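Close look at the chain arrangement
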Amino acid sequence: MNTAGHSEATARRGLELTPFRGLRYAPDRVGSLAAVTSPPYDVVVRPDGLHHLQSADPYNIVRLILPQAGTPSARTEQAADTLRRWLAEGVLAADPEPGLYVYEQRDDEGMLQRGLIGALRVSDPSDGVVLPHEDVMPPVVAERAALMRATCANLEPLLLTYRGNGVTAEVIERTAERPALLSTTTEDGFHHRLWSVTDPAELTLVQSDLSGHQALIADGHHRWATYRLLRAEHPSPSPWDHGLVLLVDTVRYPLRVRAIHRLLHGLPVADALAALDGLFRVTRLEKPLPEALASLADAACAGNAFLLAGDGAFHLVDRPDQDLLARTVPTDRPAAWRTLDATVLHATLLEHVWHVPEDSPAHIAYIHDAGATVAKAEGDGSTAVLLHPVREEVVRDLARQGVTMPRKSTSFGPKPASGLVLRALDL
């Protein structure tokens, strides 16, 4: 195939969202829909969160997305066996006809998010259709690929955003006035509803509208990289040409952007602070977490800033030495990238000051919840590094320039609950 021609054609097509026959839990076979759902696989805080979800219901989706066994091959085979058994027992069943799924999340504070779940044609970053903004870790991609190969399924949608406010939004809002296929409230307080769009006229409207748009990966870079890897392994056309996504129009439904924090195993706070002497300003804060995060937000307005924790206090780290930044931060990318907190954290602090390898699970963990990060650091004598979130427009502008941010730089949300609808590739 002519790769250049293929890329141009993909770019002209824009987003291609295809209906599929969703796999869903049979309500009469599970304790409750809420009890079988889970956050995305990389948000589950292990081990406590995993054990809690496993015990919530014997059919909880974590048994597929995070199988537990002694070896990687045993884990993937266990997930495949579990999925086959649940299908045979009727715990999971395919909807009768293909559709796109309108998905709504709502909380009690007035937040409302709606989007479309469908099978999106997989494309490369050079096509300019789906824009990544973060680097990925090859071992994680390999792990997710093994799981998808074994199960022959997309077990949870990744989250994409686009700027639309057109026909698709109107179809979504009309659909949300109808009776839902399912409705449940998860223990985090979010209310979830799902509808299926199967009318050919509505599907045509949506597909035509989306063909003029590009999307930003908000959450799920490793799963998108996995889709691309698996597509390359299977001659086209094949079901692997598409991957399961939730597409959200952030003109109509803005997402929340939060930071992802770091837990540095084996590095006591005292040692981390000692290494910063003369390189950053360090201020000890004797205040609770919400107030410490507010201080971090204030400091981040003026430049790079971080919160260190793990010894019972918070330490605001800001005002880096400019000569240090000049020596350690690469200069071959835009200023917006060079001044990111995540860039300075990885290029300067982790690599040059603390000598922590960013891709080693034995040395570093990435955790979405600030309180959980602090608690784990205090529990094992390690260092929590808390970050301030990046604005969505900064992320999108860098992505459009083809510039990726350091891995795990942002957390867009709310994220779709896993377990509400799955995609089997052999249906």
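A short note on the packing of aromatic side chains
Following the criterion strictly, the structure yields 4 aromatic pairs and no others. Ring centres of Phe20 and Tyr101 lie 5.3 Å apart, and the angle between their planes is 55 degrees; on these two criteria the pair is classed as tilted. Of this pair, Phe20 sits in the loop between β1 (17-18) and β2 (22-25) while Tyr101 sits in strand β4 (residues 100-106), and the two are 81 residues apart along the sequence. Taken individually, Phe20 and Tyr101 each receive the classification buried, so the pair is uniform in this respect. Ring geometry for Tyr25 and Trp86: centres 6.1 Å apart, planes at 50 degrees, overall tilted. Pair noted here: Tyr25 is in strand β2 and Trp86 is in helix α5 (residues 72-89), with a separation of 61 residues, a long-range link. You'll find Tyr25 and Trp86 in the same group, each marked buried. Lying over the aromatic face of Trp337, Arg333 brings its terminal NZ or CZ to 4.3 Å of the ring centre.

Focus: the pairing of strand β14 (residues 261-264)
Judged by which residues are buried, β14 turns out to be covered on both faces: His261 and Leu263 on one side and Arg262 and Leu264 on the other are all buried. In terms of strand pairing, β14 meets strand β18 (residues 364-367) through 4 bridges, oriented antiparallel. The residue of β18 that forms the bridge with Arg262 is Tyr366. Alignment of β14 against strand β19 (residues 383-386), held across 3 bridges, turns out to be antiparallel. Considered in β19, the bridge of Leu263 is made with Ala384.

Things to note about unusual backbone geometry
The peptide bond linking Ser236 to Pro237 adopts the cis configuration, its omega dihedral lying at 0 degrees. Mapped onto the elements, Pro237 comes out in the loop between α9 (221-233) and β12 (242-249). Here the phi dihedral of Cys152 falls at roughly 50 degrees; this positive angle occurs in a residue that is not glycine. In this structure, Cys152 sits in the loop between α6 (138-151) and β7 (153-154). The phi dihedral of Arg319 falls on the positive side, at around 50 degrees, and the residue is not glycine. Looking at the secondary structure, you find Arg319 in the loop between β17 (314-318) and α12 (322-328). Note on Arg319: relative accessible area 59%, which makes it exposed.

So, the packing of helix α7 (residues 167-175) against helix α8 (residues 200-210)
Running from N to C, α7 and α8 cross one another at 145 degrees; their axes reach a closest spacing of 8 Å. Viewed along their axes, α7 and α8 form a crossing whose handedness is left-handed. Between α7, through Val167, Thr168, Val171 and Arg174, and α8, the contact on the second element is made entirely by Glu202, Leu205, Val206, Asp209 and Leu210. Split into classes, the residues belonging to the contact of α7 with α8 amount to 5 nonpolar, 1 polar and 3 charged.

Things to note about the side chain of Asp241
Mapped onto the elements of the fold, Asp241 is located in the loop between α9 and β12. The buried charged residue Asp241 lacks any salt bridge partner; its closest oppositely charged side chain belongs to Arg121, at an N-O distance of 4.6 Å. When neighbours within four sequence positions are excluded, Asp241 is seen to be in contact with Leu120, Arg121, Val122, Arg231 and Ser236.

Focus on helix α16 (residues 392-400)
Along α16, the residues classified as buried are Glu392, Val394, Val395, Arg396, Leu398 and Ala399. Contacts from the buried residues of α16 go to β6 (130-131), β8 (158-162), β11 (215-219), β13 (256-258), α13 (335-338) and β20 (411-413). Directly after α16, the chain includes Gly402, whose backbone phi takes a positive value near 75 degrees.

Comments concerning the nonpolar core
Formed by 110 residues in total, the largest nonpolar core has its most connected members in Tyr25, Phe306 and Trp354. Element by element, the count of residues in this core is highest for helix α14 (residues 341-353), at 6 residues. Once you skip the residues sitting within four places of it in the chain, Trp354 turns out to touch Leu264, Leu267, Ala272, Ala275, Leu276, Leu308, Leu345, Leu349 and Val385. Counting residues in hydrophobic clusters, the runner-up holds 16 residues, among them Leu285, Ala305, Ala309 and Ile367.

Calculation notes
- Residues numbered from 1 in each chain as written.
- Predicted model: local features only at pLDDT ≥ 70, side-chain atom pairs only at ≥ 80, totals over all residues.
- Heavy atoms only, no water.
- Phe/Tyr/Trp six-rings, centres within 6.5 Å; stacked < 30°, edge-to-face > 60°.
- Helix = DSSP H or I, 4+ residues; strand = E, 2+ residues; numbered from the N terminus.
- Buried < 20%, exposed > 50% of the residue type's maximum accessible area, 1.4 Å probe, protein only.
- Lys NZ or Arg CZ within 6 Å of the ring centre and 35° of its normal.
- Pairing = 2+ DSSP bridges.
- Axes fitted to C-alpha atoms, helices over the stretch in contact; angles between N-to-C directions.
- Left-handed = near helix turned anticlockwise from the far one by under 90°.
- Contact = heavy atoms within 4.5 Å.
- Nonpolar A, V, L, I, M, F, W, Y, C, P; charged D, E, K, R; others polar.
- Lys, Arg positive; Asp, Glu negative; His and termini not counted.
- Salt bridge = Lys/Arg side-chain N within 4 Å of Asp/Glu carboxyl O.
- Core = buried A, V, L, I, M, F, W, Y, C linked by side-chain atoms within 4.5 Å.

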